[in-house]
Amino acid sequence: MYRRVVSSLLSFSLCIALGACAPRVTLEDARREATAAQARMNHALELQRAGQQDDAEAEGQRAQDQLFAARDRYLSARADLSRDPDVLIEFAEFVEKLGDSDLAGEAYLRAAGLRTENAKLWYSAGRNFVDAAGRYLSRAAEPLDRAEAILRTNPGTVSPAEIETARGDISWKNGAYEIASKRYAAALASDAAAIRAKIGAACTALALGDPVAAESTLNELQTIPPSDAAFLDARFREAYLAFRRSQAHVSDSAAAYRALAGLSVRAGFLAEARAAIEHALTIDDRDVYSWNLDGSLAEAVGDTERARHAYTRSLELQPDQPRTRESLAGLTSSSTPPAPPK
């Protein structure tokens, strides 16, 4: 007893001498910081709606900084190591929004270990490990399997399509595109409207050298939420680069090379788009769409002669094309030399 008292007094004296005994960060401190950050974010949105763009950006940056400060407070309060599943879920949902998939996955996994029959928690752990990638990718399969097993007796909390899509993403990130394609197909068989599965299906089709299937599926994704659109842009870029690296075989048909040309334009590889559409025209020289694309691509790189030929041929095949006629007229007027002075 005497030793404990002496030890406490010494610790207290040391704190006073060093001025180092800062108050312990609590969960409530983290919550207050998060609430204040959200208020800043809402204010930034109000400023944006009012047309005060510069002020909105500055306030948005302050809000983001404060969100990360709130995350650090959650960590200081040891929310990530809590034995309370509600606290773990609160922390996981917060850091998940910040893109800290590794922290979210760990917290969801701890919560799932405390609520073992909750399929959503197991799925969320696996999904976040997939998103975190790297060394976490190998940890994703087991919680996804646990979620699926629970769904057999307690369906509804997570969809089979979500689980299969996450599995497809594991295969995608491991470069196993054929397996990923089968996973995405299984997800779409379960839910034909699953956006992430459609994105996966389109991108694996491209990576495997099927531009027609890729383009067809991408056309179904014209209107999707902004977060999914950002995901699509990033995944599509990965898919196109994978296709280029593998030099996957493309069916020697006009349809395949037309689709490949459009996908190359979307990826920003205009020289490859020109090569693809010109090859398509050697197979089918009566396709108006191909001639118009050939013309616009030639015009984009300053090849006026090729553009004029392409637009002219398109109009020969189908005269009733006001926009193509305008494009041809624009070429003609821009290339007409000025009249000599009188």
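A quick note: this is a predicted structure, and the numbers were derived from the prediction, not measured.

**Student:** What is the right way to read the environment of A180 from this model?
**Tutor:** Structurally, A180 is set in helix 9 (residues 177–190). Linking A180 and E148, residues 32 residues apart in sequence, is a C-alpha distance of 18 Å. Beyond its immediate sequence surroundings of up to four residues, A180 is in contact with G168, S171, W172 and T204.

**Student:** Would you explain helix 2 (residues 27–49) in this entry?
**Tutor:** Every α-helical turn comprises 3.6 residues, leaving residues that sit three or four positions apart pointing alike. Taking 1.5 Å per residue as the helical rise, helix 2 with its 23 residues ought to reach 33 Å, and the 33 Å between its terminal C-alpha atoms agrees with that figure. Residues of helix 2 that are buried in the fold lie against helix 3 (53–76) and helix 4 (85–97). Directly after helix 2, the chain includes G51, whose backbone phi takes a positive value near 85 degrees.

**Student:** For this particular structure, what's the right way to read the pattern of salt bridges?
**Tutor:** Side-chain pairs of opposite charge can arise where the charged atoms are in close proximity. Going through the model one piece at a time under the given rule, you end up with 27 salt bridges. Here D228 ties to R196 by a salt bridge, and the two come within 2.8 Å at their closest N and O atoms. You can see D228 sitting in helix 12 (residues 226–246) and its partner R196 sitting in helix 10 (residues 195–207), a full 32 residues away along the chain. Relative accessible area serves as the criterion here: at 11%, D228 is assigned to the buried category. Assessed through its relative accessible area of 31%, R196 is described here as partly exposed. Residue R313 pairs with E316 through a salt bridge whose shortest N-O separation is 3.4 Å.

**Student:** What is the right way to look at the side chain of T204 in this model?
**Tutor:** As for its position among the elements, T204 is in helix 10. Residue T204 is classed as buried on the basis of its relative accessible area, which comes to 0%. One polar contact links the side chain of T204 to the main-chain carbonyl oxygen of A201, over a distance of 3.1 Å. Excluding residues within four positions of it along the chain, T204 makes contact with W172, Y177, A180, S181 and Y184.

**Student:** When you look at a nonpolar patch on the surface in this model, what are you seeing that I'm missing?
**Tutor:** A contiguous nonpolar surface patch, about 210 Å² in accessible area, is contributed by V265, L270 and V301. Take L270: it is sitting in helix 14 (residues 270–283). By relative accessible area, L270 is classed as partly exposed at 34%.

**Student:** Is there a simple way to explain the packing of helix 12 against helix 13 (residues 254–267) in this structure?
**Tutor:** When two helices pack together, you describe them by how their axes are tilted relative to each other and by the distance separating the axes. One way to put it is that helix 12 packs onto helix 13 with a least axis distance of 10 Å and a crossing angle of 120 degrees. Judged by the inter-axis angle, helix 12 sits oblique to helix 13. With respect to the hand of their crossing, helix 12 and helix 13 are arranged in left-handed fashion. Across the interface between the two elements, L232, D233, F236, R237, Y240 and F243 of helix 12 pack against L260, L263, S264, R266 and A267 of helix 13. Broken down by class, the residue content of the contact of helix 12 with helix 13 amounts to 7 nonpolar, 1 polar and 3 charged.

About the criteria used
- Residues numbered from 1 in each chain as written.
- Predicted model: local features only at pLDDT ≥ 70, side-chain atom pairs only at ≥ 80, totals over all residues.
- Heavy atoms only, no water.
- Helix = DSSP H or I, 4+ residues; strand = E, 2+ residues; numbered from the N terminus.
- Contact = heavy atoms within 4.5 Å.
- Expected span 1.5 Å × (residues − 1).
- Salt bridge = Lys/Arg side-chain N within 4 Å of Asp/Glu carboxyl O.
- Buried < 20%, exposed > 50% of the residue type's maximum accessible area, 1.4 Å probe, protein only.
- Polar contact = N/O pair within 3.5 Å; in protein donor to acceptor, adjacent residues only side chain to side chain.
- Patch = residues over 30% accessible without salt bridge, like charges linked within 9 Å, V, L, I, M, F, W, Y side chains within 5 Å.
- Areas by Shrake-Rupley, 256 points an atom, 1.4 Å probe, with all protein chains shown as cover.
- Axes fitted to C-alpha atoms, helices over the stretch in contact; angles between N-to-C directions.
- Parallel < 35°, antiparallel > 145°, perpendicular 65-115°, else oblique.
- Left-handed = near helix turned anticlockwise from the far one by under 90°.
- Nonpolar A, V, L, I, M, F, W, Y, C, P; charged D, E, K, R; others polar.

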